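Examination of the molecular architecture
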Amino acid sequence: MIVTFPHMGPLYVTMKSLLSTLGLTVMAPPPISKKTVETGARYAPETACLPLKVTLGNYIEALESGADTIVTCGGVGPCRLGYYAQVQQEILKELGYKFTMVVIEPNVFDVFKTIRQLAPGAGVPSVYRAFTLAGAKMSALDTLGDVLRQVRATEQFPGTADAVYQEAVAEIEVASDPRVMPEIGDFYREKLLQVEQNGKVPLQIGLVGEIYVMLETFVNQDLEQRLGQLGAHVHRTMSLTDYVRTHLLRSKPYLIKYNEIAKAAAPYLGHGVGGHGLRSVGATVDMANQGFDGIMHVFPFTCMPEVIAKNILHQTSNDHGIPVLSLAFDEQSGEAGVVTRLEAFIDLLNYRRKL
């Protein structure tokens, strides 16, 4: 058995650690490229949203490289994510690939059940250790990512903070003991904070939207890095740690925060609409109340939950006096158009700050 999975930002580090620690042979797909996107778009339904197309491309590239088992996620509610696995499985079978697709549903009991099916020889201590190590890596990467976005906005020499972060990723990826994660995290946190700064006061921009587009840098065209180089401290409202601890582990502090965001959204949207639509609205209101300069809203073209949120965000923007820029991404999204809109948005925020 050679196991693969889709890319989504730093997810590959966590998944590779989890599966390999259980004794499975793991083959992560090649990094997402233009070829990946084109391959997935060629075989996926034309109106499917971008994450389905890109992850389909991931699977094809991994299967072509020798993988025979795909681990992916299921879903519930109106978001089409719940149908991805079934649609992709049929497409891949029609293309002639021989494989097994393992779908993990979004609840902690199903996660453990599926993992035990993948690695039936692993005892409870081994499973616990695998999850502990993977969770520690996930938390360390997300925590350092927060520091990276802070430092990147005011670094004297662009690219310095990203280079430090990549060093951290490489060290975290090969670590085999969860007890060393705090030490690695603290070391690279200090190294990031020591990056030479230019002394400017950065813009504060909240990033809301659909999690896949938010986390996957190739898909969002290095959005956070571009905004950082334009002098903006990007506050990402969704991370792998946040998703896992809120929706899978149902950790109390994370649930309290989610309920606060839902309460902030209530005057505009009083119920879930699938995906992260409710969070996008509530987080926008919350960050407007905190005095953020602007909000960046990103989502895949045709994403129903975020299209609903986008139409509501016009009103929240007006009511709270905060600019919101929505960007929809698909396989046709061009770099020049994205860069132009980001630069214009930053110019607007800088102008408003001077008033």
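Note that the structure is a prediction, hence the values are computed from the model and not measured.

1. Details of the overall build of the chain
Helix and strand counts for the chain stand at 15 helices and eight strands. The C-alpha radius of gyration of the chain comes to 20 Å, within 12% of the 20 Å expected for a compact globule of 355 residues. Considering only C-alpha atoms, the chain reaches an extent of 65 × 45 × 40 Å along its principal axes. By residue count, 51% of the 355 residues in the chain fall in the buried class.

2. Let's talk about the packing of aromatic side chains
With the rule as written, the count across this model stands at two aromatic pairs. Taking 4.9 Å as the distance between ring centres and 90 degrees as the angle between the ring planes, the aromatic pair formed by Phe187 and Tyr188 counts as edge-to-face. You can call Phe187 partly exposed: its relative accessible area is 49%. Taking the relative accessible area as the measure of exposure, Tyr188 reaches 6% and is therefore buried.

3. Some thoughts on the side chain of Thr114
Structurally, Thr114 is set in helix α5 (residues 108–118). Residue Thr114 is classed as buried on the basis of its relative accessible area, which comes to 4%. With sequence-adjacent residues up to four places away left out, Thr114 is seen in contact with Val102, Val103 and Ile104.

4. Structural notes on the packing of helix α3 (residues 50–64) against helix α4 (residues 81–94)
It is at 11 Å that the axes of α3 and α4 come closest, and there the two elements cross at 45 degrees. Relative to α4, α3 is oriented oblique. Every pair of crossing elements has a handedness; the one defined by α3 and α4 is right-handed. In contact with Pro51, Leu52, Thr55, Leu56, Tyr59, Ile60 and Leu63 of α3, α4 contributes Tyr84, Val87, Gln88, Ile91 and Leu92. The residue makeup of the contact of α3 with α4, split by class, is 10 nonpolar, two polar and no charged.

5. Examining the pairing of strand β7 (residues 294–300)
For a regular strand, the rule is simple: side chains alternate between the two faces of the sheet. With respect to burial, β7 is a largely interior element, seven of its seven residues being buried. Alternating positions in β7 separate into two faces, Gly294, Met296, Val298 and Pro300 on one and Ile295, His297 and Phe299 on the other, with burial throughout. Bridge count between strand β5 (residues 203–209) and β7: five bridges; the pairing is parallel. Residue pairing in the sheet places Leu207 in a bridge with Met296 of β7. Taken together, the six bridges between β7 and strand β8 (residues 324–329) define a ladder with parallel strand orientation. The partner of Val298 across the bridge, within β8, is Leu327.

6. Some thoughts on the side chain of Ser317
Mapped onto the secondary structure, Ser317 falls in helix α14 (residues 304–320). Side-chain polar atoms of Ser317 contact the backbone oxygen of Ile322, separated by 2.6 Å. Non-local contacts of Ser317, meaning those with residues more than four positions away in its chain, are made with Ile322, Pro323 and Val324.

7. Some points on the pattern of salt bridges
Inspection of every chain in the model, using the stated rule, returns 13 salt bridges. The partner of Asp162 in a salt bridge is Arg152, with the nearest N and O atoms 2.6 Å apart. Here Asp162 is found in helix α7 (residues 160–174), whereas its partner Arg152 is found in helix α6 (residues 124–152), with 10 residues between them in sequence. Per residue, the accessibility class of Asp162 equals that of Arg152, and both read buried. For the salt bridge of Lys191 with Glu167, the shortest nitrogen-to-oxygen distance reads 2.7 Å. Separated by 24 residues along the polypeptide, Lys191 in helix α8 (residues 181–193) and Glu167 in helix α7 bring together distant segments of the chain. When its relative accessible area of 30% is taken as the criterion, Lys191 is described as partly exposed. Connected through salt bridges with shared partners, the residues Asp146, Arg149, Glu224 and Arg236 form a single ionic network.

8. Quick word on α4
Compared with the 20 Å implied by 1.5 Å per residue over 14 residues, the 21 Å span of α4 between its first and last C-alpha is a close match. If you follow the buried residues of α4, they end up packed against α2 (34–43), α3, β3 (69–73) and β4 (100–104). Residue Gly96 follows α4 closely and has a positive phi angle near 95 degrees.

9. Structural notes on the pairing of β5
With six of its seven residues buried, β5 lies for the most part within the structure. Both β5 and strand β6 (residues 232–236) contribute to a ladder of five bridges, which runs parallel. Paired with Ile205 across the strands is Val234, a residue of β6.

Thresholds applied
- Residues numbered from 1 in each chain as written.
- Predicted model: local features only at pLDDT ≥ 70, side-chain atom pairs only at ≥ 80, totals over all residues.
- Heavy atoms only, no water.
- Helix = DSSP H or I, 4+ residues; strand = E, 2+ residues; numbered from the N terminus.
- Rg over C-alpha atoms; globule rule 2.2 N^0.38 Å.
- Buried < 20%, exposed > 50% of the residue type's maximum accessible area, 1.4 Å probe, protein only.
- Phe/Tyr/Trp six-rings, centres within 6.5 Å; stacked < 30°, edge-to-face > 60°.
- Contact = heavy atoms within 4.5 Å.
- Axes fitted to C-alpha atoms, helices over the stretch in contact; angles between N-to-C directions.
- Parallel < 35°, antiparallel > 145°, perpendicular 65-115°, else oblique.
- Left-handed = near helix turned anticlockwise from the far one by under 90°.
- Nonpolar A, V, L, I, M, F, W, Y, C, P; charged D, E, K, R; others polar.
- Pairing = 2+ DSSP bridges.
- Polar contact = N/O pair within 3.5 Å; in protein donor to acceptor, adjacent residues only side chain to side chain.
- Salt bridge = Lys/Arg side-chain N within 4 Å of Asp/Glu carboxyl O.
- Expected span 1.5 Å × (residues − 1).

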